[in-house]
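For reference, the chains in residue letters:
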Amino acid sequence: MNSDQMKGKFKQLSGEIKRKWGQITDDDLKQAQGSMEKLVGKIQERSGDQRQAIEDWLRSQGLNE
């Protein structure tokens, strides 16, 4: 497991915490940000790519953070 994959796991955890906090506070934007962060983390874990490259690719596909 390389460092980008490890960062991906952390990004997933961070995203899940942010999503849950959004649910608790009834903040839809925070929930969406948490879900996107978790998605980036999952892709980073599986592919080993850098976070910025993944976020750029998602934006090019019309999925903004």
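Structure first, text after, so check above.
Residues numbered from 1 in each chain as written. Predicted model: local features only at pLDDT ≥ 70, side-chain atom pairs only at ≥ 80, totals over all residues. Heavy atoms only, no water.

A. Structural context of the packing of helix α2 (residues 28-47) against helix α3 (residues 51-60). One way to put it is that α2 packs onto α3 with a least axis distance of 10 Å and a crossing angle of 120°. In terms of axis orientation, α2 runs oblique to α3. Regarding α2 and α3, the two cross each other, and that crossing is right-handed. Along the contact surface, α2 presents Met36, Leu39, Val40, Ile43, Gln44 and Ser47, while α3 presents Arg51, Ile54, Glu55 and Leu58. Of the residues belonging to the contact of α2 with α3, the class tally is six nonpolar, two polar and two charged. (Axes fitted to C-alpha atoms, helices over the stretch in contact; angles between N-to-C directions. Helix = DSSP H or I, 4+ residues; strand = E, 2+ residues; numbered from the N terminus. Parallel < 35°, antiparallel > 145°, perpendicular 65-115°, else oblique. Left-handed = near helix turned anticlockwise from the far one by under 90°. Contact = heavy atoms within 4.5 Å. Nonpolar A, V, L, I, M, F, W, Y, C, P; charged D, E, K, R; others polar.)

B. A look at a nonpolar patch on the surface. Residues Phe10, Leu13 and Ile17 make up a contiguous nonpolar surface patch of about 340 Å² in total accessible area. Looking at the secondary structure, you find Ile17 in helix α1 (residues 3-25). Relative accessible area serves as the criterion here: at 52%, Ile17 is assigned to the exposed category. (Patch = residues over 30% accessible without salt bridge, like charges linked within 9 Å, V, L, I, M, F, W, Y side chains within 5 Å. Areas by Shrake-Rupley, 256 points an atom, 1.4 Å probe, with all protein chains shown as cover. Salt bridge = Lys/Arg side-chain N within 4 Å of Asp/Glu carboxyl O. Buried < 20%, exposed > 50% of the residue type's maximum accessible area, 1.4 Å probe, protein only.)

C. Focus on the side chain of Asp4. By the element assignment, Asp4 lies in helix α1. No salt bridge is formed by the buried Asp4; its nearest oppositely charged neighbour, Lys7, is found at 4.4 Å. The contact partners of Asp4, leaving out residues within four places of it in the chain, are Gln44, Gly48, Asp49 and Gln50. (Lys, Arg positive; Asp, Glu negative; His and termini not counted.)

D. How the structure looks around the pattern of salt bridges. This model, assessed by the stated rule, comprises eight salt bridges. One salt-bridge network, in which partners are shared between bridges, spans Lys9, Lys42 and Glu45.

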